Amino acid sequence: MRKITDKLRRINPFARKNDGPLPRPLPGDPSLRVVKVFVEGYEDVAFWRGVFDCFSNPYLYFEISVPTRKDLPKGKKVLMSMIPESSERMLLCVDSDFDFLFNGATEQSRLIRDSRYMFHTYTYATENYLCYAPSLHNVCVKATKNDTRIFDFVKFMHEYSCTIYPLFLWYAYSAQLATENVFPLIDFKWLRRNVSKRENLLRQRNPRMIEPMKEFEVQLRGRGLTPENAYLFMHGHTLMDNVVLIMLNTVCEKLRAMSIAKITASKKQGVALKNEMSNYTNSLRSIRDVLLDNENYTKSPLYKRLERDIERYIARTIWNMKRNGEIRDTSMIGIIHKLRTGQQ
């Protein structure tokens, strides 16, 4: 075994200590146009890589990274400042925050709406997709290796969204007015027993906001917000850390206990039982890590909207490439066939 390990180390150049220059990127396919895709931060690279992987085609290659300026800037404001530079060859991808819901009511939401080469999540952030209710059972299965359904995540998130919906409207409206001191995020506890009390207090303190908020709610519903899906539009980290991970930890603890009970109740004894238990515990994964790797949100209606935006960009770009002579040996029918089949 040691000889095999030593041989692998000799073959793999990265297994040896090397104080020399860093490795260079592998050369790309010269037949593909490289499209730079800049995202807000390192934690967003994997999400957007997964998004654009679904659009692999014979004409474009998407390269995902944070902005490449020497001062290493990151964040949404940096990408907003890069809008004038964006093009078919340089795309910008951001969290929507409330900008999709605001739909031009603020300067930033207007810029994002009107920017031809900027894509946004539609949900508040990428974390909201990771917490997509129909995908959470699979997260439990991957973390615990137990496929038993003991909790209805879809029903819970439906009821949770309906519960926090009134306070969500207050928070979103105060954000649009740039007066988040009316209802700051730190006060957003999302607890059922506090919602009615907190809403009544907000009404008493801000009576002039009540009528405008009714019109605001109508506008948000026109953008796709409902009481049942409000969790997709709330602050992503708050949702993930204060709601979903707590719920997942509780459910996964029960699923692990069920699996362990099944093993201990088996006929195996002694070393065999110990080995079986060791095999199971070694197969377990961190719940947070599994959630961060979750990609089972692609059936979300909001994600479908993002896909359609990218499809339109690709169709428009390839059409321009054909018109400008970059694609010479294929008719438009041939191009469409290649796109559908993924043929190189």
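Refer to the structure above for everything that follows.
This write-up is about the structure you can find in this document. Once a new chain begins, its residue numbering starts again from 1 and follows that chain's sequence as written. It should be noted that, the model being predicted, local features are given only for residues of pLDDT at least 70 and side-chain atom pairs only at 80 or more, the latter also being counted only at that level, while totals for whole chains, interfaces and linings use all residues. The side-chain values count all of the structure's non-hydrogen atoms but skip hydrogen atoms and water molecules.

Quick look at the overall build of the protein
Numbered from the N terminus, helices here are DSSP runs of H or I no shorter than four residues, and strands are runs of E no shorter than two. Broken down by element type, the protein carries 15 helices and 4 strands. Counting all 344 residues of the protein, 44% fall into the buried class. Of the contacts made within the protein by residues no fewer than 6 positions apart, 76% connect residues no fewer than 24 positions apart. Burial here depends on accessible area, computed with a 1.4 Å probe over protein chains only, as a share of the maximum for the residue type. Under 20% is buried, over 50% is exposed, and the range in between is partly exposed. Pairs of residues are marked as contacts when any of their non-hydrogen atoms sit within 4.5 Å.

Thoughts on a nonpolar patch on the surface
Residues Ile-150, Phe-151, Phe-156 and Met-258 make up a contiguous nonpolar surface patch of roughly 310 Å² in combined accessible area. Inspection of the secondary structure assignment puts Phe-156 in helix H8 (residues 153-176). We classify Phe-156 as partly exposed; its relative accessible area is 30%. Patch construction takes residues with relative accessible area above 30% that form no salt bridge. Like charges are linked within 9 Å, and nonpolar side chains (Val, Leu, Ile, Met, Phe, Trp, Tyr) are linked within 5 Å. With residues, only the protein chains shown are counted as cover, and all accessible areas are computed by Shrake-Rupley using a 1.4 Å probe. Salt bridges are defined as contacts in which a side-chain nitrogen from Lys or Arg sits within 4 Å of a carboxyl oxygen from Asp or Glu.

Topic: unusual backbone geometry
Even without glycine at this site, Tyr-122 takes up a positive phi of about 75°. Among the secondary structure elements, Tyr-122 is positioned in the loop between strand E4 (118-120) and helix H6 (126-130). Within the chain, Lys-145 stands out as a residue other than glycine whose phi angle is a positive 60°. Assignment of secondary structure puts Lys-145 in the loop between helix H7 (136-144) and H8.

Looking at the packing of aromatic side chains
Here is the rule: rings of Phe, Tyr and Trp (six-membered ring for Trp) pair when centre to centre is within 6.5 Å. Planes less than 30 degrees apart are stacked, more than 60 are edge-to-face, and the remainder are tilted. In this structure the tally under the stated criterion is 21 aromatic pairs. Relative to Phe-216, the ring of Phe-102 lies with its centre 6.4 Å away and its plane at 55°, an arrangement referred to as tilted. Of this pair, Phe-102 sits in helix H4 (residues 99-102) while Phe-216 sits in helix H10 (residues 210-222); the two residues are 114 residues apart in sequence, bridging distant segments of the chain. Assigned by exposure class, Phe-102 and Phe-216 land together as buried. One aromatic cluster in this structure is built from Phe-47, Trp-48, Phe-52, Phe-62, Phe-119, Tyr-129, Tyr-297, Tyr-303 and Tyr-313.

Structural notes on helix H14 (residues 301-323)
Take the number of residues in a helix, subtract one, and multiply by 1.5 Å to get its expected span. Taking 1.5 Å of rise per residue, the 23 residues of H14 would be expected to cover 33 Å, and the 33 Å separating its terminal C-alpha atoms lies within 8% of that figure. Every buried residue of H14 is accounted for by Leu-302, Tyr-303, Leu-306, Glu-307, Asp-309, Ile-310, Tyr-313, Ile-314, Thr-317, Ile-318, Asn-320 and Met-321.

Considerations on the nonpolar core
Counting 82 residues, the largest nonpolar core has Trp-48, Phe-52, Phe-62 and Phe-168 as its most contacted members. Other than its neighbours up to four places away in sequence, Phe-52 contacts Val-37, Phe-62, Ile-64, Leu-91, Cys-93, Phe-119 and Ile-310. What we call a nonpolar core is a set of buried Ala, Val, Leu, Ile, Met, Phe, Trp, Tyr and Cys residues that are connected through their side-chain atoms within 4.5 Å. By size, the runner-up hydrophobic cluster in this structure holds 11 residues, among which are Phe-38, Met-80, Leu-92 and Ile-112.

Examining the sheet that holds strand E2 (residues 60-65)
The strand order across the open sheet built from 4 strands is E2-E1-E3-E4, with neighbouring strands paired in parallel fashion. A single partner strand is all that each edge strand has here, and the edge strands are E2 and E4. Strand-to-strand twist of the sheet, defined as the mean angle between neighbouring strand axes without regard to direction, takes the value 25°. Only when DSSP finds a minimum of two bridges between them are two strands counted as paired. For helices, the axis comes from a line fit to the C-alpha atoms of the stretch in contact; other axes are also lines fit to C-alpha atoms, and the angle between any two N-to-C directions lies between 0 and 180 degrees.

Here's the deal with the packing of H8 against helix H11 (residues 236-264)
Geometrically, a packed helix pair is captured by the angle between its two axes and the distance between the axes. For the pair H8 and H11, interaxial distance at closest approach is 13 Å and the crossing angle is 145°. For H8 against H11, the interelement crossing comes out right-handed. Two secondary-structure elements touch here, H8 through Phe-153, Phe-156, Met-157 and Tyr-160 and H11 through Leu-239, Val-243, Val-244, Met-247, Leu-248 and Val-251. When residues are grouped by polarity, Ala, Val, Leu, Ile, Met, Phe, Trp, Tyr, Cys and Pro land in nonpolar, Asp, Glu, Lys and Arg in charged, and all others, Gly among them, in polar. In terms of residue class, the contact of H8 with H11 is built from 10 nonpolar, no polar and no charged. When the near helix sits turned anticlockwise from the far one by under a right angle, the crossing is termed left-handed; a clockwise turn instead gives a right-handed crossing.

Here's the deal with the packing of H8 against H10
One can describe the packing of H8 onto H10 by two numbers: an axis separation of 10 Å at closest approach and a directional angle of 100°. Classified by the interaxial angle, the pair formed by H8 and H10 is roughly perpendicular. Between H8 and H10, the contacting residues are Tyr-165, Phe-168, Leu-169, Trp-170, Ala-172, Tyr-173 and Gln-176 on the first element and Pro-212, Met-213, Phe-216, Glu-217, Leu-220 and Arg-221 on the second. Split into classes, the residues belonging to the contact of H8 with H10 amount to 10 nonpolar, 1 polar and 2 charged. Comment on the angle field: the value is read as roughly parallel under 35 degrees, roughly antiparallel over 145, roughly perpendicular from 65 to 115, and oblique elsewhere.

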